[in-house]
Amino acid sequence: LGDTLFLGNNFYTLDSIINNSDKIYLTKLNIDNKKRTGLELSNYLPEYSFESLMDSNSIVKIGGENSKITLLDFWGTWCQPCLEITESLKELEKKHNDKIQIVSIASDFNKQDVYRYITGHKMTWDHVFENYSSKEISSKFKIIAFPTLIILDKSGKILFRGTGKDALGKAQNI
């Protein structure tokens, strides 16, 4: 009793069960299920804030409402497929920077190596760094392979999750 059930796109509380009968009594809960949060497709990503790699006084916001579509790029300088999509990401950002916000999250061993790669390749979008050994951000987003790309619509809804260098081609078709 008191458990919450999800039936037919609605939430209910189990109120009572009649012992000598096949009847249960439920109360429908007024929960807005239109914005289910989580990390799966069609879920809404809650808002997170991280320190910018390029400016420690600046915060990079991921998830929640945004004026642009967001492309999250989980990568590392040690990951050859990640490096192979750098030029394609630059082209995408240049061509659609009025519609798309790219946020790259580098899971790496050395912050300075990442910084040098970003500046050397003129990657002008938002960047966040996490220490590879802690995987604090990657584990939050359930990242198990690199590169992983996630696309969010303007309301924060997850439209796409993909891994590998082919994921960018698939993501561009969304």
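This is a predicted model, so every value here is computed, not measured.

(A) The arrangement of the nonpolar core in detail. If you look at the biggest cluster of nonpolar residues, it comprises 40 residues, and the most contacted ones within it are Ile62, Leu71, Leu72, Phe74 and Phe141. Considering every element that reaches this core, the biggest residue donor is strand S7 (residues 100-108), with five residues. Setting aside anything within four residues of it in sequence, one finds Ile62 in contact with Leu45, Pro46, Glu47, Tyr48, Phe50, Leu72, Val103, Ile105 and Phe141.

(B) Quick look at the sheet that holds strand S8 (residues 126-131). On the basis of which strands lie adjacent, the open sheet formed by five strands has the order S8-S7-S6-S9-S10 and mixed pairing. Here the strands that pair on one side only, and so sit at the sheet edges, are S8 and strand S10 (158-163). Across the sheet, the mean angle separating the axes of adjacent strands is 15 degrees when strand polarity is ignored. In this structure, strand S6 (residues 69-75) lies alongside S7, joined through seven bridges in parallel fashion. Bridge pairing in S7 links Trp75 to Ala106. In the packing of helix H2 (residues 86-96) onto the sheet, the strands contacted are S6 and S7, and the crossing angle to S7 comes to about 155 degrees.

(C) Molecular detail of the confidence of the model for the protein chain. With 94% of its residues at a pLDDT of at least 70, the protein chain reaches an overall mean of 89. When the elements of the protein chain are averaged for pLDDT, strand S1 (residues 4-7) gives the smallest value, 74, and helix H3 (residues 111-120) the largest, 98.

(D) Here's a closer look at unusual backbone geometry. Residue Pro147 follows Phe146 across a cis peptide bond; omega there is -10 degrees. Within the element layout of this structure, Pro147 appears in the loop between helix H4 (136-140) and strand S9 (148-152). Of note, the phi angle at Lys142 is positive, near 55 degrees, even though the residue is not glycine. Mapped onto the fold, Lys142 is located in the loop between H4 and S9.

(E) Spatial organisation of the pattern of salt bridges. Under the criterion given, the structure shown has three salt bridges. Measuring nitrogen to oxygen at the nearest pair gives 3.5 Å for the salt bridge that ties Glu87 to Lys90. Here Glu87 and its partner Lys90 are both found in helix H2, three residues apart, which amounts to about one turn of the helix. On the basis of relative accessible area, Glu87 is assigned to the partly exposed category, the value being 41%.

(F) The arrangement of the environment of Lys111 in detail. Mapped onto the fold, Lys111 is located in helix H3. Considering only alpha carbons, one finds Lys111 and Asp73, 38 residues apart in sequence, at a separation of 17 Å. Residues within four places of Lys111 in sequence aside, it is in contact with Glu51, Leu53 and Phe129.

(G) Inspection of the packing of aromatic side chains at higher detail. Within the structure shown, the criterion is met by seven aromatic pairs. Between Tyr48 and Phe50 the ring centres are 6.1 Å apart and the planes differ by 15 degrees, which places this aromatic pair in the stacked class. The exposure class assigned to Tyr48 is partly exposed, which follows from its relative accessible area of 21%. Classification of Phe50 as buried rests on a relative accessible area of 10%.

The rules we used
- Residues numbered from 1 in each chain as written.
- Predicted model: local features only at pLDDT ≥ 70, side-chain atom pairs only at ≥ 80, totals over all residues.
- Heavy atoms only, no water.
- Core = buried A, V, L, I, M, F, W, Y, C linked by side-chain atoms within 4.5 Å.
- Buried < 20%, exposed > 50% of the residue type's maximum accessible area, 1.4 Å probe, protein only.
- Helix = DSSP H or I, 4+ residues; strand = E, 2+ residues; numbered from the N terminus.
- Contact = heavy atoms within 4.5 Å.
- Pairing = 2+ DSSP bridges.
- Axes fitted to C-alpha atoms, helices over the stretch in contact; angles between N-to-C directions.
- pLDDT = per-residue confidence, 0-100.
- Salt bridge = Lys/Arg side-chain N within 4 Å of Asp/Glu carboxyl O.
- Phe/Tyr/Trp six-rings, centres within 6.5 Å; stacked < 30°, edge-to-face > 60°.

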